[in-house]
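Residue strings, one per chain:
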Amino acid sequence: QVQLVESGGGLVQAGGSLRLSCVASGRTFRRYAMGWFRQAPGKEREFVAAINWSDSSTGYADSVKGRFTISRDNAKNTAYLQMNSLKPEDTAVYYCAARYNSRWGPHRYEYDYWGQGTQVTVSS
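All values derive from a computational prediction rather than experimental measurement.

*Asks:* In this structure, what is going on with the sheet that holds strand β1 (residues 2-7)? I would like to understand it.
*Replies:* Backbone-to-backbone hydrogen bonds join strands into a sheet, with any given pair of strands oriented parallel or antiparallel. One open sheet holds the four strands; their spatial order is β1-β3-β8-β7, and the pairing between them is antiparallel. Here the strands that pair on one side only, and so sit at the sheet edges, are β1 and β7 (68-73). Here the strands of the sheet are splayed against their neighbours by 15 degrees on average, with no regard to which way each runs. Relative to strand β3 (residues 18-26), β1 is paired through six bridges, and the arrangement is antiparallel. In the strand pairing of β3, L4 is matched with A24.

*Asks:* What should I look at first to understand the packing of aromatic side chains in this one?
*Replies:* The description of an aromatic ring pair rests on the distance of the ring centres and on the angle between the ring planes. Scanning all chains against the criterion turns up seven aromatic pairs. Linked through ring pairs, F37, F47, W104, Y111 and W114 together constitute an aromatic cluster. Across the ring face of W53, the terminal group of R31 is positioned such that the distance to the ring centre comes to 4.6 Å. Above the ring of W114, the side-chain terminus of R45 is found at 5.1 Å from the ring centroid.

*Asks:* Can you walk me through the pattern of salt bridges in this structure?
*Replies:* Within this structure, the stated rule accounts for six salt bridges. Salt-bridge contacts for E46 lead to R38; the nearest nitrogen and oxygen are separated by 2.7 Å. Within this structure, R38, E46, R67 and D90 form a network of salt bridges that share partners.

*Asks:* Hey, could you run me through the side chain of R38 in this one?
*Replies:* Along the chain, the position of R38 falls in strand β4 (residues 32-39). Take R38: its relative accessible area is 6%, and that puts it in the buried class. At a separation of 2.9 Å, a polar atom in the side chain of R38 contacts the side chain of D90. A polar side-chain atom of R38 sits 3.0 Å from a polar atom in the side chain of Y94. Sequence-distant contacts of R38, that is, excluding residues within four places in its chain, are made with E44, R45, E46, V48, S63, V64, F68, E89, D90, A92, V93 and Y94.

*Asks:* Could you clarify how one ought to interpret the nonpolar core in this entry?
*Replies:* Soluble globular proteins: nonpolar side chains tend toward being buried together. Residues L4, M34, W36, L81, M83 and Y94 are the most contacted members of the largest nonpolar core, which totals 35 residues. Mapped by element, the contributors of at least two residues to this core are β1, β3, β4, β5 (46-51), β7, β8 (78-83), β9 (92-100) and β11 (118-123). Once you skip the residues sitting within four places of it in the chain, L4 turns out to touch C22, V23, A24, M34, C96, A97, A98, Y113, W114, G115 and Q116.

*Asks:* Got a minute to help me understand the state of the cysteines in this structure?
*Replies:* By definition, a disulfide links two cysteine residues through a covalent bond between their sulfur atoms. Under the definition given, this model contains one disulfide. Each sulfur of the disulfide joining C22 and C96 lies 2.0 Å from the other. In this structure the cystine formed by C22 and C96 twists about its S-S bond by roughly -75 degrees; its chirality is therefore left-handed. Of this pair, C22 sits in strand β3 while C96 sits in strand β9; the two residues are 74 residues apart in sequence, bridging distant segments of the chain. There is no split in this pair, since C22 and C96 are both buried.

Conventions used here
- Residues numbered from 1 in each chain as written.
- Predicted model: local features only at pLDDT ≥ 70, side-chain atom pairs only at ≥ 80, totals over all residues.
- Heavy atoms only, no water.
- Pairing = 2+ DSSP bridges.
- Helix = DSSP H or I, 4+ residues; strand = E, 2+ residues; numbered from the N terminus.
- Axes fitted to C-alpha atoms, helices over the stretch in contact; angles between N-to-C directions.
- Phe/Tyr/Trp six-rings, centres within 6.5 Å; stacked < 30°, edge-to-face > 60°.
- Lys NZ or Arg CZ within 6 Å of the ring centre and 35° of its normal.
- Salt bridge = Lys/Arg side-chain N within 4 Å of Asp/Glu carboxyl O.
- Buried < 20%, exposed > 50% of the residue type's maximum accessible area, 1.4 Å probe, protein only.
- Polar contact = N/O pair within 3.5 Å; in protein donor to acceptor, adjacent residues only side chain to side chain.
- Contact = heavy atoms within 4.5 Å.
- Core = buried A, V, L, I, M, F, W, Y, C linked by side-chain atoms within 4.5 Å.
- Disulfide = S-S within 2.5 Å.

What follows is the structure, given as structure tokens:
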């Protein structure tokens, strides 16, 4: 089992920045691909970004490319999502997810474990 705990959400003005953190406990963190998804009110949960465990290659949704950066620190069992140039449409609950011993993927069903989410609100 892996437990994921997100933090770092909050209220920010458009154009501002936030950094989300996801701390993992349990099995060997470095063997997990890590992903970030988000869900806005009334919408489906959607892929935001992900990072491999093996070569740290990354992937991003088109809507966040150039603004968000995913990274990981295996020594701290932590994944990060740096969010810059935030827009009101980025408002959502952001979820961290882990996928064991596989490359990252953009689909919810590919992930084995999920955190409880952290709220990000961007005001205009």
